[in-house]
Amino acid sequence: MTYYPDNRSRRESSSGSPRKKAEKKRVRKQIFISGGILTAMFVSMLVYMVAYTAGNDRKLLENEYNGRESAMLSKNLRGKILSADGEVLAQSKVSDDGKQVREYPQGKLFSHVIGYTAKGGSGVEKLENYQLIHSDLTLPEKAAYDDKNELYPGNDVYTSLDVKLQKACQNALGNHKGAVIVSEAETGRILAMVSNPDFDPEKVNADWDKYVGSIGDGAMVNRVSQGLYAPGSTFKIFDAIEFMDEDMNKAMAYTFDCPGYTTIDGEMINCYHWEVHGKVDLKASFAESCNSSFATIGSSLNRDAFKTTLNKMMFGEKLPYDMESAVSSYVLDDSTPTKEVMQLSIGQGKTLMSPLHLNMITQAIANGGVVHKATVVDKVTSASGTVLSQTKPENYRTVMSSEVAQKMQEFMREVVMNGTATKLSTRPYNAAGKTGTAEFSTNTSDSNVWFTGYAYDDSHPKVAVTIIMEKTAGSGGAYAVPAVRDILDTYFGYTPKPGEDDDANYVHVINDHDGDGIPDNAGAAASNADEGSSKDTAALNIDTNGDGIMDAIDLNGDGIPDAVDTNGDGIPDTNVGGGATNTSGQNAAAASKAGTTGTQGTGQTGTETQTGTQTGAQQNTDGTQTAGQQTAEGAQNAGQNAAGTQNGALTPEQGAAGTQTGAETQTNTQQNTAGAQGEAAWSEADMQAAEAAGGQ
C-alpha cells in the first residue's frame, strides 16, 4: 500500500479537527477576558467621573476653563446676599444692555467680608458663588418667570452679619488702619468684620490697577483674617494658660516684685513706660500687664510643653474658617536665646497672629475652653424662601481645660475692673478682656494697640470682640478699650448719659487739708469748704481737643493746661513752668522702688506722670508719708510742689532728696508758689479713673 503524507496533513488541518477547535476556544477566552477587563475599566471610570462631579460640582463650575458659569448666568440672575435680619448687602440687576450689574447697597461697609465678583471674586461672593448663580425654584415657579421672559432669580445667601454693629465697628476704627471682629462666643458666628482701609466693591474692575499698585496700603487685604501682627501683651493669655497647665498650684502661689524692669541672663526688659508695679501675683501681673513679671514667667516655662500648647491653639495651622486666612506663627525651641523667649512672652519679636485667631481663643476662654469654627453664612434659600441649607455651630477643638478657662475668665475680668481696661468697668453689662501694645518699629514711638475680650450677662457669654488699631501714639487701654466700649454699647443698646465717660478723661484730685476725711473743696465753687482751704482742686488729664486722648494737665485747677502731652502717651512732653522738654518719655536707666516707705530711687525721669497717679512714690494707707514726702499735717519738705497734685515721677536730684514736682522741674530748695499743699486725698474711684486713663 502506498502512503501519501500530504493527505494526512490535509485531514488534520480540516475545520473539524480537535486541534483547530482548541485554538478557537483559546482565542474566544482571551477575547472575553479582555472585553471584561475593558468593560470593568470603563464602568469604573464612569462611576469615578460621576462621583467626582457630584462631590466637586463647585470646583468644576468655578474652573476658569469651564463655561458653565456663563451658561448659568445666561439663564439665572445672580442671587442676593443679605444680613442676618434681611438687609440687602449685595444684589444684581439687569442693565439696559441686558448685562447683569452687581450692586452693593451698603457701599464700602462690608467690602472685605462680602467681597466682590470681579477678578475671580472674594469674600462671601466667592465662597457662595455656586449657590448664587443657581436657581432652585420649582418648575411652576420657573414657568412664571418664563411667561414674563425674565431670568430665574438665583439662590439667596443669608449671613450672620449685623449692619448696625458693622457700622459701630467702622466708626470705632475711625481713620486708623486696623481690624475689628465681633463674634458670638458660644457659636463662632461672625456678627461684624471690618478692615480699614477699605474699597468700593462696585469699582474693583475699574480701580484694580490702582489697588494693586498701592499694595503697601493693603486696601484689598482683609486684615481680620489675613493680617498678621505682633500680638503684644495679649499674648500673655497664652503664657498664663501654659503656666497654669504646667502647675496650677505653683501658678496660684506665684508672686513677683516689679521694679519696672527685669534682667534675665543679662537681658533686660522693661514694663510699659517703666511703670513700677510692686509686688504682684499672677492675677495682678495679668491685670496690670506687667512685662517684667511675664518675661520671668515665660522664661521659666517648659519649652516643649509650651510649643505643644501653642500648636494646640492653632499656631502654625490653617484656621477653621472657610475663607482666606493667614497662619499665625512663633519661634521657640531649645536653641532660642533668652532674649527672644522674653520677647515671645510679651508678644513681640518674631511672634505673629491674626485678629481672627485671637478672637477664636477669646471665644474659647469665654465658653469654657472650646474653639468653634468661624462662620459667616447662616443659611441658603431659594428666591421664594425655601431653605436649602442651614449652618450649625461646629466645635473644632478643645484648647484648654474648663478649670484653666475659668481662671482666665477671672483674670480678664480683673483687667476691666482694676487693670488696664477700666474704661469698660462703668457699663451695666459685664466685660472682660486683655489689652496689648505692640511696637512694630524701633525707629518710631508709634505702636499697634489691641484689645480682645468678651461681654457676658448673668455669667452667660454673649460676644467676643477683638480690635487692632495700627500706628497709634498710645496704649491699648487709651485707644482700643474706648473703641470696644462703643461697639459693646451698640450691641447691648446702651446709650451713655451725658458726662458718664468724663472720668476716663478728666480726674479731680480733692484736698483734705485738716485730715478729717472730708474734702475741703468738693468742687470749683464748693460752699461748705472747710475754713482755710483754697480752691486747689487739680484737674488732671484734660482732653483738650475731644479726641479721647488725654493731652493736657491742669495743675492748679484754673482751667488752663500747665503741661502738654502732645502725642497722647500719658507723659508730658513740655513742662510749661520749667520750660523743660521731654523727648524720650522715660530714662533708660533702671528704676527702683523701696517698698513701704514709698521712696523712689534716682533712675526714673521727672517727666512721667502716668496720668496723675503716683507711680514712684506710694502713699501710705494712713495718709502719712515718709522719706521726704508729704506729712499728715500738710507740711512740705524742701522742694515739694504746692499745687495739690503728685505725679510720683522724680528727677535724679529729687529722688535723692525725696522731693516732688507737679509739672515744673524744681531744685531741692525751691518751692512752688501756687500755695501750701495739704494732704492729697485720693478716693478709690479717683485712683481707678486715673489708672484707666494711663493703663496699657
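Now for a look at the structure at hand. (Residues numbered from 1 in each chain as written. Predicted model: local features only at pLDDT ≥ 70, side-chain atom pairs only at ≥ 80, totals over all residues. Heavy atoms only, no water.)

Here's the deal with the nonpolar core
The nonpolar side chains of a soluble globular protein tend to be buried with one another.
Point 1. Ranked by size, the top nonpolar core spans 117 residues in total, and within it Ile-114, Val-182, Phe-238 and Met-408 carry the most contacts.
Point 2. The residues contacting Val-182, other than those within four sequence positions of it, are Leu-165, Cys-169, Arg-189, Ile-190, Leu-191, Ala-192, Val-463, Ala-464, Val-465 and Ile-487.
Point 3. Counting five residues, the second-largest nonpolar core is a separate cluster that includes Ile-264, Ile-269, Ala-295 and Ile-346. (Core = buried A, V, L, I, M, F, W, Y, C linked by side-chain atoms within 4.5 Å. Buried < 20%, exposed > 50% of the residue type's maximum accessible area, 1.4 Å probe, protein only. Contact = heavy atoms within 4.5 Å.)

Thoughts on helix α19 (residues 402-418)
Point 1. Here α19 is 17 residues long and its end C-alpha atoms lie 24 Å apart, about the 24 Å a rise of 1.5 Å per residue gives.
Point 2. Turning to α19, its buried residues number three or more, namely Val-404, Ala-405, Met-408, Phe-411, Met-412, Val-415 and Val-416. Angularly, the buried residues of α19 cover 140° about the axis, an arc narrow enough to put them on a single face.
Point 3. Elements in contact with the buried residues of α19: α12 (236-246), α13 (248-253), α14 (282-287), α18 (355-367), β17 (430-439) and β18 (447-457). (Helix = DSSP H or I, 4+ residues; strand = E, 2+ residues; numbered from the N terminus. Expected span 1.5 Å × (residues − 1). Arc of directions from axis to C-beta.)

What to know about the sheet that holds strand β7 (residues 178-184)
What holds strands together in a sheet is hydrogen bonding between their backbones, with the strands either parallel or antiparallel.
Point 1. With antiparallel pairing, five strands are arranged side by side in an open sheet as β8-β7-β19-β18-β17. For this open sheet the edge positions go to β8 (190-196) and β17, each flanked by a neighbour on one side alone. Between one strand axis and the next, the sheet turns by 5° as a mean value, whatever way the strands run.
Point 2. Where β18 meets strand β19 (residues 460-472), 10 bridges bridge the pair, whose relative direction is antiparallel. In the strand pairing of β19, Asp-457 is matched with His-460.
Point 3. Here helix α9 (residues 163-173) sits on the sheet in contact with β7, β8 and β19, set at roughly 30° to β8. (Pairing = 2+ DSSP bridges. Axes fitted to C-alpha atoms, helices over the stretch in contact; angles between N-to-C directions.)

Observations regarding the packing of aromatic side chains
Point 1. A complete count under the given rule lists 14 aromatic pairs for this structure.
Point 2. Relative to Phe-315, the ring of Phe-238 has its centre 5.3 Å away and its plane inclined at 75°; by these criteria the two rings are edge-to-face. With Phe-238 in helix α12 and Phe-315 in the loop between α16 (303-312) and α17 (338-345), this residue pair connects regions lying 77 residues apart in the sequence.
Point 3. When its relative accessible area of 0% is taken as the criterion, Phe-238 is described as buried.
Point 4. With centroids separated by 4.6 Å and ring planes inclined at 10°, the aromatic side chains of Tyr-429 and Phe-492 adopt a geometry described as stacked. Within this pair, whereas Tyr-429 is found in the loop between α19 and β17, its partner Phe-492 is found in helix α20 (residues 480-492), the two being separated by 63 residues in sequence.
Point 5. Grouped by ring-pair contacts, the aromatic residues Phe-235, Phe-238, Phe-306, Phe-315 and Tyr-330 constitute a single cluster.
Point 6. We note Lys-148 situated over the ring of Tyr-145; from NZ or CZ to the ring centre the distance is 4.7 Å.
Point 7. One Lys or Arg, Lys-434, reaches over the ring of Phe-286 and ends 5.6 Å from the middle of that ring. (Phe/Tyr/Trp six-rings, centres within 6.5 Å; stacked < 30°, edge-to-face > 60°. Lys NZ or Arg CZ within 6 Å of the ring centre and 35° of its normal.)

A few points about the pairing of β18
Point 1. Of all 11 residues that make up β18, 10 are buried, and the element is covered over most of its length.
Point 2. In this structure, β17 lies alongside β18, joined through 10 bridges in antiparallel fashion. Among the inter-strand pairings, Gly-433 is bridged to a residue of β18, identified as Gly-453.

Quick word on the sheet that holds strand β6 (residues 156-159)
Point 1. The six strands are arranged β4-β3-β2-β6-β14-β15 in an open sheet whose pairing can be described as mixed. Because the sheet does not close on itself, it has two edges, and the strands there are β4 (100-103) and β15 (387-390).
Point 2. In this sheet, β4 lies alongside strand β3 (residues 88-94) in antiparallel orientation, the contact comprising four bridges. When the sheet's bridge partners are listed, Ser-92 is paired in β4 with Arg-102.

A few points about α18
Point 1. Over its 13 residues, α18 extends 18 Å from the first C-alpha to the last, a length consistent with the 18 Å expected when each residue adds 1.5 Å.
Point 2. Across the 13 residues that make up α18, a large majority, 12, are buried.
Point 3. Among all positions of α18, only Pro-355, Leu-356, His-357, Leu-358, Asn-359, Met-360, Ile-361, Thr-362, Gln-363, Ala-364, Ile-365 and Ala-366 are buried.
Point 4. Immediately downstream of α18, the backbone of Gly-368 shows phi near 105°, a positive value.

Focus on the side chain of Thr-375
Point 1. If you trace the backbone, Thr-375 turns up in the loop between β13 (370-372) and β14 (377-381).
Point 2. A residue is classified by how much of its surface remains accessible, and Thr-375, at 14% relative accessible area, is buried.
Point 3. Contact partners of Thr-375, with chain neighbours within four places excluded, come to Ser-160, Gly-188, Arg-189, Ile-190 and Thr-391.

A few points about the packing of helix α15 (residues 291-300) against α17
Point 1. It is at 8 Å that the axes of α15 and α17 come closest, and there the two elements cross at 120°. One finds that α15 runs oblique with respect to α17. Once α15 is placed against α17, the crossing between them reads as right-handed. Residues Phe-294, Ala-295, Gly-298 and Ser-299 of α15 form the contact with α17, whose own contacting residues are Val-341, Met-342 and Ser-345.
Point 2. Within the contact of α15 with α17, the residues separate by chemical class into four nonpolar, three polar and no charged. (Parallel < 35°, antiparallel > 145°, perpendicular 65-115°, else oblique. Left-handed = near helix turned anticlockwise from the far one by under 90°. Nonpolar A, V, L, I, M, F, W, Y, C, P; charged D, E, K, R; others polar.)

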